[in-house]
Amino acid sequence: MTTRTTASFEIKYHQYLDADGKATQELPAFAKDMDKMRSLYRDMALLRAFDAKAYALQRTGKMGTFPASLGQEAIGIGYGDAMTEKDVLVPYYRSTGALLKHGVSMKEILLYWGGNEDGSDYAVAKEDFPICVPIANQIIHCAGVAKAMQMRGEKRAAATEIGEGGTSEGDFYEGINVAGIWNLGCVFMVNNNQWAISVPTEIQTACETYAQKAIAAGIEGVQVDGNDIIAVKQMAEYAFEKARNGGGPTLIEAITYRLCDHTTADDASRYDDPTVKEEAWKNEPMVRLRKYLEANNAWTEVDEDSMKAEIAAEVDSAVKEYEAHPKPGAELMFDHLYAELPEMTKPQREAALALQTKGAK
Amino acid sequence: MTTRTTASFEIKYHQYLDADGKATQELPAFAKDMDKMRSLYRDMALLRAFDAKAYALQRTGKMGTFPASLGQEAIGIGYGDAMTEKDVLVPYYRSTGALLKHGVSMKEILLYWGGNEDGSDYAVAKEDFPICVPIANQIIHCAGVAKAMQMRGEKRAAATEIGEGGTSEGDFYEGINVAGIWNLGCVFMVNNNQWAISVPTEIQTACETYAQKAIAAGIEGVQVDGNDIIAVKQMAEYAFEKARNGGGPTLIEAITYRLCDHTTADDASRYDDPTVKEEAWKNEPMVRLRKYLEANNAWTEVDEDSMKAEIAAEVDSAVKEYEAHPKPGAELMFDHLYAELPEMTKPQREAALALQTKGAK
Amino acid sequence: MAAITLIEAVNAALAYELEHDQDVVLFGEDVGKNGGVFRATDGLQKKYGEDRVIDSPLAESMIAGLAVGMAAQGLKPVAEMQFMGFIFPAVDQIFGQAARMRHRTRGRLTMPMVIRAPFGGGIHAPEHHSESTEALFAHIPGLKVVIPSNPSRAYGLMLAAIRDPDPVIFLEPKRVYRIVKHEVEDNGEEYPLEACFVDREGSDITLISWGAMMHETNIAAEKLAAEGIDAEVIDVATVSPIDMDTILESARKTGRVCIVQEAPKSGAVGSEIAAEIAEHAIMSLLAPIGRVSGYDTVMPYYKLEKQYMPTVDRILDEARKIMEYK
Amino acid sequence: MAAITLIEAVNAALAYELEHDQDVVLFGEDVGKNGGVFRATDGLQKKYGEDRVIDSPLAESMIAGLAVGMAAQGLKPVAEMQFMGFIFPAVDQIFGQAARMRHRTRGRLTMPMVIRAPFGGGIHAPEHHSESTEALFAHIPGLKVVIPSNPSRAYGLMLAAIRDPDPVIFLEPKRVYRIVKHEVEDNGEEYPLEACFVDREGSDITLISWGAMMHETNIAAEKLAAEGIDAEVIDVATVSPIDMDTILESARKTGRVCIVQEAPKSGAVGSEIAAEIAEHAIMSLLAPIGRVSGYDTVMPYYKLEKQYMPTVDRILDEARKIMEYK
Ligand SMILES: Cc1ncc(C[n+]2csc(CCOP(=O)(O)OP(=O)(O)O)c2C)c(N)n1
Ligand SMILES: Cc1ncc(C[n+]2csc(CCOP(=O)(O)OP(=O)(O)O)c2C)c(N)n1
Ligand SMILES: [Mg+2]
Ligand SMILES: [Mg+2]
């Protein structure tokens, strides 16, 4: 018992496809299934097209603030693809990709950002959480969901996502810590897009990696190339399998770059270095996957064009549904506050309805 | 860029004296200075005697709830000894040892636990914080104090202490994280006494060590034998030197055992295993230091007896001062709330004073 | 049927629900093996197991956030905050998440959860162990805030809180945890939330309070009776949403109102009650609305806490002043 | 001297204090290079350096706790919460530490700090970006809560807040950040805290409000004037501690009171004002005290926010009702 090492740790980084779409190591089985890879490519393309449309809707006053996923598509689509219906997603505001993969509709997402709570009344993903705006709250919710699953002896996982900036919040740490102690079936995705609005990583942490935050919770933490959907999906599948089978939580730092503004309310040119961004464009996730498909004779210009047309139609039709959705009435301010509206609040509901009627005249 | 290691970490444990007072490695210079070691032994003995007296005062209704340091004396005395007057202490409720070392009087400490804010109006340690009861808030204060020192270019350090249970709080993590980013001159002491009231370490964290929590903040974290005052002081001196000279923060996990109840309001026999506690008594910090002193012919039974008599007199005299201290008057509920009492609150002050006068009659 | 204290009533209600509803799960700091620092959960882990009565790590935001996650999955978490003074790290999860989940999902995800916390002064505790901050929670739409004042109400209201489909902050007045015993039948019968209790009917003045202060308020009413003043005494019990009808009716009847609360005066639950009376019953009033309360200052350390807290004498003084008002 | 908006006035006051007091230091999320998401701190980092205008990590409890540590060392931290909806993780540090440090050390350590936060609805923002929760802060003794309603008050009150030796929560009504311009002289002259502003003298009814709602309230007063109703308009400005004398005097004069607030109705700042009037001026009242406010429900997403927030029409309706009361 003198000076000795009592614990040691390593953080590993995983990548399968480089920026040119070339394999950097032996690929997992799913990566050789070209139908699968084509469909993932399409998922990313849909997300990118949806983002662009949402941006346009905001710009033309038809929707509110919106956070895009540009450049980060491999993350949400990658881990979203590793989820099953039975798993529960606890999304943050930039989880559009995973939400779409898990059955939340484009219309619902538009309604949400269009300022209508109807957007969180998911038709399909009934147990998924609504988008979490207060940063890092969702990490603990994910642990709570997994605890419920564990108590019931269910083989399901709970997954959540957070930005790298969000890892500075106390809730992030409290959540991963309890997941460690209780060995909960959680998958914690960190979207390391290098920016928290205008704040770069150097100002957010003294750590070399975000994955090492896991060490403080005694859980497994790994890094993946977040622009490589094969790496994201492969690691997520490992983490979900483990989570579903009593193996406990995993934290996955997916390294990417936010190629868009933070949200439609932001102007990244105030702080982002254009040359760095230009460099980052070379690493973006769609080009490399397309190159990989092409190299495997699984994608052509014709495929690209027809996919784009299909996607555009899908997005347009979602926008139409969104625009046709009825405006919420004043009663909706009251009717879901409690199971039953308190006596003392009933006159307020009546007053609001009366004003609405008056206003409508 | 394939699968590779991007970061690796080690946690080291340091010990100089074993439970028998035998050196386990080459001792630092100060450990060979027997006057120094005798005075540290005396500091610990004073703390232990003070604790016992405080307990008795509580039991006889002369003081409120009190948390003792039994078995943990080497920690507060050890790092307290490494502090200079210019450093700032941000204590928690079990920092009695460090408070005493830093110039806070026994009388002040008794006043505090006796339910009188006068106890935090330190006569000497003017910049030290009052005892922090809400667990982990103090970690961030310590960072804020160090930031002020840094902004002024001062060569001073800020030190704080927290229980191992407290490391589960978000504030603990937020505080060490910012200390890392800003390279603040902080010394973070973790008193790992194995218990958070009734909650043992297995339920508090999945980590092998508390020191590794530092990795999530990108700062240095080390373990010391918290029952070995040489190890505590040696590591604290290293950390303070570093903190004062722009080297940034250090987290020191000091491993010990809480040999007392959590506080006077607790009954540890409800949850603590007596055989484990008995084992822990064999490791307690005073016996080993006494053995070390004796082996170096620096301590005798006579020394022990005369020290005990001196200490008892010191403690008794502090208790007398405490008991002679005037009761606070009702005006003290108001006079330090703001620099100036708001107009709307003045009638409340008058009413309280009138009631006090009435009650006094 | 045995005479039990308020804290035993809490324990009995928790045990009843653990026994009869498999979805109920208790957790918090020291609630398991130690049975809670006040022993509110004494014996429950032993009886219902470590899976259902869980010692959690030391982190209040985590405790509340876990409850949110578990409630969304249909469990009925009952989480303890060791003292109300340590609930602040959790309010982000409580205000921002628990209170809003039903609303923001149009009722898809609901929050059948309870957060228990002992609160209030008078037990010579250290700093942060004696505050009464119920007003903060009462201001947040989507929460219910329930405060029992005696053993039978503690039992009946705790059952109602756990069964309620919405988040309930259940505040236990620890000063009266053990000062009276009631015969409480452990029959699983709940009391209604959002309903005042009228402890005493009277025609001259309405005394309104809740929690531990009901003790002083009821004593004051008896003393007033001896002076020939017939006070009506109302225990608000659910301080949000408030059963305002009972209060307004009484105010209209007596025309004189005195509100008693331990919390600081400004912006408190008593302020809302006074404001509602001033809006809906003002023209029935024969005197200004009186408020006996803690002062607008930090709850002092214990040497001064007696001077801080409303006493029977302060209530009597105010009530007499209101009665004398012409 | 130029006409500037409220947010420019905030910026000017911050710049003035950075320039004239070396102890002033600004920090928060995105306040540095980006100049704040609303640009309140635009250009300040460039001018005063990265040491004095600091981009902090993303953690609100940390932001508030750092301010506590720095203030104890004699600095004058001015910390930003990006939106008031994200202040909840910080209330533990604000309520438990900043508000109490002077008190608990008998004045040895003081907290000359400011926490700024934009608040309120009406800008079509996402969830948690539109709430008005000033009542929570107003209930905590030891804090001051200041809300400017126009550019000159923003300038003068911000200077006072920074110079005040105690912790100030400075809430900026973001809906009116840019809707009016005032000629504001950048002369470092502060306005007093704890003092109401009387925007308009009148004898028939007192309209009381603060923050963004002053806009609607003043318009309503003008419309009432056109109807022959002479309204007095009071901007509370410091909602804790409140300058109650000005309010009570006006209530006694007009005998009719209408309080306008954006926050939910129950347990809000308006409740305290009504309660004080009901305690100290009730016998001067000719009508019930009216409150026009947000509803006791979660601030809805933006499609419904207009229906949630008080409008000029709602103020007029209530004022007329009060005037007609006999
Ligand atoms: C608790 C909280 N504080 C502040 C904000 C405001 N805010 C929204 S996004 C953001 C930056 C987040 O950055 P990061 O976590 O890296 O996620 P990203 O947006 O890059 O995906 C901030 C500060 C918030 N939503 N919640
Ligand atoms: C924020 C907060 N939550 C809960 C408590 C109640 N409490 C006081 S001490 C304690 C256990 C602390 O254990 P640890 O951090 O290991 O320190 P130790 O007492 O063992 O020195 C708890 C839960 C508190 N003081 N503050
Ligand atoms: Mg980011
Ligand atoms: Mg401990």
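As the structure is a computational prediction, the values presented were derived from the model and not from experiment.

Caption draft 1: Region of the structure containing the domain arrangement of chain A. When cut into domains, chain A gives domain 1 (13-327) and domain 2 (329-361). Computed from C-alpha coordinates alone, the two centres of domain 1 of chain A and domain 2 of chain A are separated by 37 Å.

Caption draft 2: Highlighting the confidence of the model for chain C. This prediction gives chain C a mean pLDDT of 97; 100% of its residues lie at or above 70. Across the predicted assembly, pTM comes out at 0.98 and ipTM at 0.98.

Caption draft 3: Broad picture of the pairing of strand 1 (residues 4-14) of chain A. Bridge count between strand 1 of chain A and strand 1 (residues 4-14) of chain B: 9 bridges; the pairing is antiparallel. Paired with Glu10 of chain A across the strands is Ser8 of chain B, a residue of strand 1 of chain B.

Caption draft 4: Molecular detail of the interface of chain A and chain B. With 42 residues of chain A at the interface, the matching set in chain B holds 42 residues. Here chain A meets chain B over a buried area of about 3,500 Å², counting both sides, of which 49% is carbon and sulfur. Among the residues chain A hides against chain B, the three largest losses belong to Phe9, Tyr13 and Tyr173 of chain A. Together they make up 17% of the total. When contributions to the side of chain A that touches chain B are tallied by element, the ones reaching two or more residues are strand 1, helix 6 (170-181) and helix 7 (201-204) of chain A. No other element matches strand 1 of chain A, which puts 11 residues into the side of chain A that touches chain B. Classifying every residue of the side of chain A that touches chain B by side-chain character gives 14 nonpolar, 20 polar and 8 charged.

Caption draft 5: Summary view of the interface of chain A and chain C. At the junction of the two partners, chain A supplies 42 residues and chain C supplies 40 residues. Buried area between chain A and chain C, both sides added, is near 3,600 Å², and the carbon and sulfur share of it is 60%. Of all residues in chain A, His336, Tyr338 and Met344 of chain A give up the largest surface area on contact with chain C, accounting jointly for 18% of the area buried on that side. At the boundary of chain A and chain C, one finds 2 salt bridges. With a closest N to O distance of 2.5 Å, Arg106 of chain C and Asp118 of chain A form a salt bridge. Among the secondary structure elements, those contributing two or more residues to the side of chain A that touches chain C are helix 5 (137-151) and helix 6 of chain A. Among the elements that take part in the side of chain A that touches chain C, helix 5 of chain A stands out by supplying 10 residues, more than any other.

Caption draft 6: Here's a closer look at the coordination of the magnesium ion (ligand 4). Residues and elements named next belong to chain B. At the metal site, the magnesium ion (ligand 4) is ligated by Glu164 (OE), Asn193 (OD1) and Trp195 (O), and these contacts range over 2.1 Å. Counting residues between consecutive donors of the magnesium ion (ligand 4) along the chain gives the motif E-x28-N-x1-W. Residue Asn193 is classed as buried on the basis of its relative accessible area of 3%.

Each value, and the rule that gives it
- Residues numbered from 1 in each chain as written.
- Chains lettered and ligands numbered in written order.
- Predicted model: local features only at pLDDT ≥ 70, side-chain atom pairs only at ≥ 80, totals over all residues.
- Heavy atoms only, no water.
- Domains from an automatic or database assignment.
- pLDDT = per-residue confidence, 0-100.
- Pairing = 2+ DSSP bridges.
- Helix = DSSP H or I, 4+ residues; strand = E, 2+ residues; numbered from the N terminus.
- Contact = heavy atoms within 4.5 Å.
- Buried area = accessible area lost by both parts, 1.4 Å probe.
- Nonpolar A, V, L, I, M, F, W, Y, C, P; charged D, E, K, R; others polar.
- Salt bridge = Lys/Arg side-chain N within 4 Å of Asp/Glu carboxyl O.
- Donors = N, O, S within 2.8 Å, 3.2 Å for Na, K, Ca; no water.
- Buried < 20%, exposed > 50% of the residue type's maximum accessible area, 1.4 Å probe, protein only.

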